[in-house]
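# Fold and geometry: a report
Residue strings, one per chain:
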Amino acid sequence: MDDDRLLVQVADEHKNLRDLIAQLVERRTDVRLAKATPQGFIGARATTRIQPDVLILRVPPYEDVAEHAQKYRDSAPDARIIGFYESVEQKQAMDESGVDVTLELSKGVEALSAEVRKNVAAPAQEIIAEVFDEAKQQAND
């Protein structure tokens, strides 16, 4: 049976944050979660295998954002990439590396959880929804 829902992968080294983002993704009926993986080599290898429509990525501040983003872009050239950033420098590196949408990540899982609860149907989810809609349209073209 064909499944026309968008395939989403979450790549982040922190399990709690990966799980939180995965839970948000799984609430949508028009997407399916392919995998929640650590970022880096394991995540990029999984991305090559999975070929998601949308990749949600966070690179820790001590890692080379441009290198990681490029690794993921090369692993899934057709995926729409949503990147969470923690600093202006990370945002700039993501923008320059072909990350399609960047979202600011408050420090810590608790801060992100509070932001998600406060804005359940607001900015971040709307942006993600737009990316999902755009990726679905591209897949249908």
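What counts, and at which threshold
- Residues numbered from 1 in each chain as written.
- Predicted model: local features only at pLDDT ≥ 70, side-chain atom pairs only at ≥ 80, totals over all residues.
- Heavy atoms only, no water.
- Helix = DSSP H or I, 4+ residues; strand = E, 2+ residues; numbered from the N terminus.
- Buried < 20%, exposed > 50% of the residue type's maximum accessible area, 1.4 Å probe, protein only.
- Areas by Shrake-Rupley, 256 points an atom, 1.4 Å probe, with all protein chains shown as cover.
- Salt bridge = Lys/Arg side-chain N within 4 Å of Asp/Glu carboxyl O.
- Core = buried A, V, L, I, M, F, W, Y, C linked by side-chain atoms within 4.5 Å.
- Contact = heavy atoms within 4.5 Å.
- pLDDT = per-residue confidence, 0-100.
- Arc of directions from axis to C-beta.
- Polar contact = N/O pair within 3.5 Å; in protein donor to acceptor, adjacent residues only side chain to side chain.
- Pairing = 2+ DSSP bridges.

## Here we look at the overall build of the protein
Counting its regular elements, the protein contains 6 helices and 5 strands. The secondary structure elements of the protein, listed N-terminal to C-terminal, are β-α-β-α-β-α-β-α-β-α-α. Evaluated residue by residue, the protein yields a buried proportion of 45% over its 141 residues. For the protein, the accessible area works out to roughly 7700 Å², and carbon and sulfur atoms hold 48% of it.

## Structural notes on the pattern of salt bridges
Inspection of the entire model under this criterion finds 5 salt bridges. The partner of D12 in a salt bridge is R58, with the nearest N and O atoms 2.8 Å apart. On the criterion of sequence distance, the pair formed by D12 in the loop between β1 (6–11) and α1 (15–26) and R58 in strand β3 (residues 54–58) is long-range, its members being 46 residues apart. Accessibility expressed as a relative area gives 0% for D12, which makes it buried.

## Structural notes on the nonpolar core
Core analysis: the biggest nonpolar cluster contains 15 residues, and V8, I21, V25, V54, I56, I82 and F84 have the highest contact counts within it. Contributions of two or more residues to this core are made by β1, α1, β3, β4 (80–85) and β5 (101–104). The biggest single contributor to this core is α1, with 4 residues. Sequence-distant contacts of I56, that is, excluding residues within four places in its chain, are made with V8, Q9, V10, A11, I21, V25, I82 and F84. A11, L55, V65 and A69 belong to the second largest nonpolar core, which has 13 residues in total.

## Re the side chain of R73
Secondary-structure assignment places R73 in helix α3 (residues 65–75). Here R73 is in contact with A79, I81, S97, G98 and D100, once residues within four sequence places are set aside.

## Concerning the confidence of the model for the protein
Of all residues in the protein, 69% attain a pLDDT of 70 or more, and the chain-wide mean is 74. By mean pLDDT, the top-scoring element of the protein is helix α4 (residues 88–96) (90), and the lowest-scoring one is helix α5 (residues 109–118) (48). Note on residues 111–117: pLDDT is under 50 here. Beyond four places in sequence and across chains, it has 7 contacts. Here residues 119–123 is a poorly scored stretch, pLDDT under 50, and it has 2 contacts once near neighbours within four places are set aside; other chains count.

## A word on α3
Burial in α3 covers these residues: V65, H68, A69, Y72, R73 and S75. Taken around the axis of α3, the buried residues stretch over an arc of 165 degrees, which confines them to a single face. Where α3 begins, the capping side chain belongs to D64, and its oxygen is found 3.1 Å from the backbone nitrogen of A66.

## Description of the pairing of β1
Most of β1 is tucked away: 6 of the 6 residues are buried. Burial along β1 is two-sided: L6, V8 and V10 facing one way and L7, Q9 and A11 facing the other are all buried. Sheet topology places β1 next to β3; 4 bridges connect them, and they run parallel. When the bridges of β3 are listed, V8 appears paired with V54.

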